[in-house]
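# Fold and geometry: a report
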Amino acid sequence: MSHKIVNLRVRDVRFPTSLEQHGSDAMHTDPDYSAAYVVLDTDSGLKGFGLTFTLGKGTEIVLCAVKALAGLVIGKSLQEIVSNFRGFYRLLTSDGQMRWLGPEKGVIHLATAAVLNAVWDLWARAEGKPLWKLLVDMVKDQMLKEGYPAYTTSCAWLGYSDQQLKQLCSDALKSGWTRFKVKVGADLEDDIRRCRLIRQMIGPSSTLMIDANQRWDVAEAISWVSRLAEVKPLWIEEPTSPDDILGHAAISKALAPLGIGVATGEQCHNRVMFKQFLQASALQFVQIDSCRLGSVNENLAVLLMAYKFQVPVCPHAGGVGLCELVQHLILFDYICVSADLRNRMCEYVDHLHEHFTSPVVIQDAHYMPPKDPGYSCEMLEESVNRHDALCLEKKTKN
Ligand SMILES: C[C@H](O)[C@@H](O)CC(=O)C(=O)O
Ligand SMILES: [Mg+2]
């Protein structure tokens with residue numbers, strides 16, 4: 001069956017997570033976890049669902065970019081696309097006029113990610129497999145019985161009170177979590193207090209990471225993290241601008257004697273930037289994002305580059321739908337690329353999974369391999385309608 005794409009719909013879906021400071025960090029103090037949510041309709045009736053992640057405002061701009069790309073997608077059959085996927089990727093990313101908006105970065109690349117995620121979802125559905133299995137079966141068949149190791153960021157968002165942090169951390173420990181990420185970067189004394197608190201709760205054998213979300217300049221990052229070395233963080237995430245590759249390299253070199261690595265990637269524009277981070281030894285943990293890069297296509301390239309440089313991949317997943325999508329990629333990485341779990345873990349945030357038809361399954365702090373066909377992108381229609389920014393705008397006007 002050809003599954004010819006006959007229509008592309010895109011919705012602006014926003015969740016008011018900022019009201020309870022879910023997702024808050026040193027730079028994003030009021031994040032509303034949102035998505036540009038794409039649905040591909042085909043002549044066979046099969047649909048493909050995709051999304052890219054945003055923080056609320058500006059999602060309407062991503063929708064415009066998706067609509068601008070639609071003309072390159074509608075009329076193509078799935079078979080035509082996957083028989084030359086590289087050519088299709090280049091078609092979307094190398095349009096003579098639209099590439100000026102990037103190339104392969106910013107809003108146009110977020111829109112490309114959403115469209116390509118929907119194409120991969122359509123392909124996996126057509127094959128009757130979860131995406132990770134579609135990828136793995138292209139190479140070989142292995143299974144992960146105990147699931148893939150995860151870490152949680154949901155105990156220590158920057159806007160949470162110490163009381164919330166203690167309660168959430170205590171609950172997480174009871175559920176078997178042993179890897180925790182803490183948001184830092186706004187106030188040093190506050191960071192020292194909160195990091196000491198969580199380290200004291202989780203004990204010396206659990207793993208702690210810290211995340212500054214691009215808050216500092218290079219020298220500030222080195223001195224600030226040095227003050228937090230007492231809690232033995234495995235990594236400092238996004239210590240400075242995500243574009244400052246040599247800055248990351250300087251921070252990495254300075255913190256190495258303290259045994260603290262650098263992690264980044266959630267706002268890394270594309271595979272070319274990752275190449276330079278790896279060549280410059282500017283990171284010790286590659287944090288791919290399923291909706292920032294050009295979908296599976298570009299993420300596979302980064303997985304292979306990370307393996308070539310022997311740098312572990314620890315995917316970013318702090319955003320609506322990001323856990324659902326990136327679990328497929330990290331399963332592929334383990335089964336077909338790295339075959340290694342040392343210093344590897346996938347982020348998990350405990351928000352908004354109820355809005356998906358195939359939400360992630362976490363057991364004992366591990367991602368259990370998805371079973372449903374597709375890329376786990378499909379949202380409940382009721383959720384999309386209830387959180388569609390356009391519908392919300394009309395309601396407030398009436
Ligand atoms: C604004 C987002 O919640 C961001 O803080 C997520 C993030 O940096 C992470 O999950 O890592
Ligand atoms: Mg982060």
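Residues numbered from 1 in each chain as written. Chains lettered and ligands numbered in written order. Predicted model: local features only at pLDDT ≥ 70, side-chain atom pairs only at ≥ 80, totals over all residues. Heavy atoms only, no water.

## As for unusual backbone geometry
Of note, the bond from G102 into P103 is cis; its omega dihedral lies within 30 degrees of zero at -10°. Inspection of the secondary structure assignment puts P103 in the loop between α3 (85-93) and α4 (106-127). The backbone of N213 sits at a positive phi, close to 50°, despite the residue not being glycine. Positive phi outside glycine occurs at S376, with the angle close to 60°. On the secondary structure map, S376 appears in the loop between β12 (366-367) and α13 (381-386). Classification of S376 by relative accessible area gives buried; the value is 6%. (Helix = DSSP H or I, 4+ residues; strand = E, 2+ residues; numbered from the N terminus. Buried < 20%, exposed > 50% of the residue type's maximum accessible area, 1.4 Å probe, protein only.)

## Remarks on the packing of helix α6 (residues 162-174) against helix α7 (residues 188-202)
The contact between α6 and α7 brings their axes to 10 Å, and the two run at 25°. In this view, α6 runs roughly parallel relative to α7, as classed from their interaxial angle. Remark: the crossing between α6 and α7 carries right-handed chirality. Only R193, R194, L197, I198, M201 and I202 of α7 make contact with α6, whose side of the interface consists of D162, L165, K166, C169, S170 and L173. Split into classes, the residues belonging to the contact of α6 with α7 amount to seven nonpolar, one polar and four charged. (Axes fitted to C-alpha atoms, helices over the stretch in contact; angles between N-to-C directions. Parallel < 35°, antiparallel > 145°, perpendicular 65-115°, else oblique. Left-handed = near helix turned anticlockwise from the far one by under 90°. Contact = heavy atoms within 4.5 Å. Nonpolar A, V, L, I, M, F, W, Y, C, P; charged D, E, K, R; others polar.)

## Some words on the layout of surface pockets
Taken as a whole, the largest pocket spans an internal volume of roughly 600 Å³. Along its surface, the largest pocket is lined by 29 residues, and H28, P31, F53, T54 and L55 are the ones closest to its centre. A per-class count over the lining of the largest pocket returns ten nonpolar, eight polar and eleven charged. Each pocket or cavity is described by its volume, and for the second largest pocket that value is around 290 Å³. Lining the second largest pocket we find 13 residues, and of these F85, R86, Y89, N297 and E298 sit closest to its centre. (1 Å grid on protein atoms, 1.4 Å probe; cavity = no way out; pocket = protein on both sides within 12 Å on 5 of 7 lines; lining within 4 Å. Points joined across faces, edges and corners; volume = space filled by probe spheres on them.)

## Brief notes about the domain arrangement of the protein chain
The assigned domain composition of the protein chain is domain 1 (5-128) and domain 2 (134-367). The distance between the C-alpha centroids of domain 1 and domain 2 comes to 23 Å. Across the boundary between the two partners, domain 1 contributes 32 residues, which contact 38 residues of domain 2. Of all residues in domain 1, A26, Y33 and W120 bury the most surface against domain 2, accounting for 20% of the area lost on that side. On the surface where domain 1 and domain 2 come into contact, there are one salt bridge. One salt bridge in this structure joins E104 and R271, with 2.6 Å as the shortest N-O distance. For the pair domain 1 and domain 2, the number of links is 15 residue pairs in polar contact (both at pLDDT 80 or more). When contributions to the side of domain 1 that touches domain 2 are tallied by element, the ones reaching two or more residues are β2 (34-42), β3 (47-54), α3 and α4. Looking at which element gives the most residues to the side of domain 1 that touches domain 2, the answer is α4, with ten residues. (Domains from an automatic or database assignment. Buried area = accessible area lost by both parts, 1.4 Å probe. Salt bridge = Lys/Arg side-chain N within 4 Å of Asp/Glu carboxyl O. Polar contact = N/O pair within 3.5 Å; in protein donor to acceptor, adjacent residues only side chain to side chain.)

## Looking at the pattern of salt bridges
For the structure shown, the criterion picks out 23 salt bridges. Between D137 and K133 there is a salt bridge; the shortest N-O distance is 2.8 Å. Here the residue D137 and the residue K133 both occupy positions in helix α5 (residues 131-139), the gap between them amounting to four residues, near one helical turn. With a relative accessible area of 29%, D137 lands in the partly exposed category. A salt bridge links E189 to R227; the shortest N-O distance between them is 3.7 Å. With E189 in helix α7 and R227 in helix α8 (residues 218-228), this pair connects stretches of sequence that are 38 residues apart.

## Details of the nonpolar core
By size, the foremost hydrophobic cluster in this structure holds 128 residues, and its most contacted members are I236 and V286. Broken down by element, this core gets its largest block of residues, twelve residues, from α4. Split by domain, this core shows at least three residues from each of two domains, domain 1 (5-128) and domain 2 (134-367). Each residue touching I236, except ones within four places of it in the same chain, is listed here: V184, I210, D211, A212, W216, V225, L255, I260, G261, V262 and A263. Ranked by size, the runner-up nonpolar core spans eight residues in total, among them W235, A263, F285 and M345. (Core = buried A, V, L, I, M, F, W, Y, C linked by side-chain atoms within 4.5 Å.)

## Some words on the packing of helix α11 (residues 295-308) against helix α12 (residues 322-338)
One way to put it is that α11 packs onto α12 with a least axis distance of 11 Å and a crossing angle of 45°. As far as their axial angle goes, α12 and α11 are oblique. For the pair α11 and α12, the sense of crossing is right-handed. Residues V296, N299, L300, L303, L304 and Y307 of α11 pack against L329, F332, D333, V337 and S338 of α12.

## A short note on helix α9 (residues 245-255)
Of the positions making up α9, those classed as buried are I245, G247, H248, A249, I251, S252 and L255. Elements that come into contact with the buried residues of α9 comprise α8, β7 (235-237), β8 (261-264) and α10 (271-279).

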